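Residue strings, one per chain:
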Amino acid sequence: MCASFLAALQSKICSEMVDIGDGCKVRSISIKPTEPDSDEHIPLVLVHGFGGGVGIWVKNLEELSHHRAVYAFDLLGFGRSSRPMFSQCPVEVESQFVDSIEKWRASIGLEKFVLLGHSLGAFLAASYSMKFPERVEHVVLADPWGFPKRPPDAAEKFARRAPLWARALVRLMEPFNPLAGMRAAGPWGEIDVLKLHEESLY
């Protein structure tokens, strides 16, 4: 589906699977600038949000690449990138994502760039910028979000207040990724995503 979105672009897009080590690969796309003075401008890197992928930038890639090279990639666990086992600790998961972005950068040879993140991608862009400030010329946070720290008594409160069926449902769904249903839908999932994409444009 992403390929059909990107095929609509006039500019040539380079797509590759970037090996970042530990058996993981990151699906990456790049688009070269179209204007002659573009060598003077630092590249732009785009980081999508939760449930997204490189396809969400399809309406922006050409416009953003007039004067600079633009890169986008699927975060680990999303799109066509590898799906490694993540930690159950939120702090460690954040670190896993940030370190994977740095390994991706090193693998494709970017020295410095403008980093633009959307939603969860904005949260990770901010985290990356704090950990690797020497790599980021500017950071742009579009509709950023993150999760507040979970109260230590949250599970106990839920167990006391929630009905038995709700607790059973939560326990049943624990092993599953929230996006597993979309992936399980196979080709029918594409229809749902296209419908959602069209509705979000109007």
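Residues numbered from 1 in each chain as written. Predicted model: local features only at pLDDT ≥ 70, side-chain atom pairs only at ≥ 80, totals over all residues. Heavy atoms only, no water.

Observations regarding the overall build of the protein
- When helices and strands are counted, the protein shows 8 helices and 6 strands.
- Reading the secondary structure of the protein in the N-to-C direction produces α-β-β-β-α-β-α-β-α-β-α-α-α-α.
- Residues counted as buried form 35% of the 202 residues belonging to the protein.
- Excluding contacts between residues fewer than 6 apart, the proportion of contacts in the protein whose partners are at least 24 apart in sequence is 65%.
- As presented, the protein carries roughly 12700 Å² of accessible surface, and 59% of it is formed by carbon and sulfur atoms. (Helix = DSSP H or I, 4+ residues; strand = E, 2+ residues; numbered from the N terminus. Buried < 20%, exposed > 50% of the residue type's maximum accessible area, 1.4 Å probe, protein only. Contact = heavy atoms within 4.5 Å. Areas by Shrake-Rupley, 256 points an atom, 1.4 Å probe, with all protein chains shown as cover.)

Considering helix α4 (residues 120–131)
- For α4, with 12 residues, the first-to-last C-alpha span of 17 Å sits near the 16 Å given by 1.5 Å per residue.
- Considered for burial, the residues of α4 that qualify are Leu120, Gly121, Ala122, Leu124, Ala125, Ser127, Tyr128 and Ser129.
- Where the residues of α4 are buried, they touch β3 (44–47), α3 (90–108), β5 (113–118) and β6 (136–142). (Expected span 1.5 Å × (residues − 1).)

So, the nonpolar core
- In this structure, Val45, Phe73, Leu75, Trp104, Leu115 and Tyr128 are the most contacted members of the largest nonpolar core, which totals 26 residues.
- Contributions of two or more residues to this core are made by β1 (13–21), β2 (24–31), β3, β4 (70–73), α3, β5 and α4.
- When neighbours within four sequence positions are excluded, Tyr128 is seen to be in contact with Val98, Ile101, Glu102, Arg105, Phe113, Leu115, Arg135 and Val136. (Core = buried A, V, L, I, M, F, W, Y, C linked by side-chain atoms within 4.5 Å.)

Some words on a nonpolar patch on the surface
- Residues Trp165, Leu169, Leu172 and Met173 make up a contiguous nonpolar surface patch of roughly 480 Å² in combined accessible area.
- As for its placement among the helices and strands, Trp165 is situated in helix α6 (residues 164–173).
- We classify Trp165 as exposed; its relative accessible area is 63%. (Patch = residues over 30% accessible without salt bridge, like charges linked within 9 Å, V, L, I, M, F, W, Y side chains within 5 Å. Salt bridge = Lys/Arg side-chain N within 4 Å of Asp/Glu carboxyl O.)

Description of the packing of aromatic side chains
- Throughout the structure, instances matching the rule amount to 6 aromatic pairs.
- Aromatic side chains Phe50 and Phe78 sit 5.6 Å apart centroid to centroid with 80 degrees between the ring planes, which places their arrangement in the edge-to-face category. Pair noted here: Phe50 is in the loop between β3 and α2 (61–64) and Phe78 is in the loop between β4 and α3, with a separation of 28 residues, a long-range link.
- Grouping aromatic residues by their ring pairs yields a cluster made of Tyr71, Phe73 and Trp104. (Phe/Tyr/Trp six-rings, centres within 6.5 Å; stacked < 30°, edge-to-face > 60°.)

Observations concerning the pattern of salt bridges
- Inspection of the entire model under this criterion finds 6 salt bridges.
- Asp74 is the salt-bridge partner of Arg27, the closest N and O atoms lying 3.8 Å from each other. Of the two residues, Arg27 is situated in strand β2 and Asp74 in the loop between β4 and α3; the sequence distance between them amounts to 47 residues. A single burial state applies to Arg27 and to Asp74, both of which are buried.

Some remarks on the confidence of the model for the protein
- In the predicted model, the protein carries a mean pLDDT of 84, and the fraction of residues at 70 or more is 78%.
- Across the protein, the element-wise mean pLDDT spans from 53 in helix α8 (residues 187–200) up to 98 in β3. (pLDDT = per-residue confidence, 0-100.)

Topic: unusual backbone geometry
- Residue Asp22 is not a glycine yet carries a positive backbone phi of 55 degrees.
- What makes Asp22 exposed here is its relative accessible area of 70%.
- The phi dihedral of Asp143 is positive, around 50 degrees, even though this residue is not glycine.
- For Asp143, the location among the structural elements is in the loop between β6 and α5 (154–161).
- Relative accessible area serves as the criterion here: at 55%, Asp143 is assigned to the exposed category.

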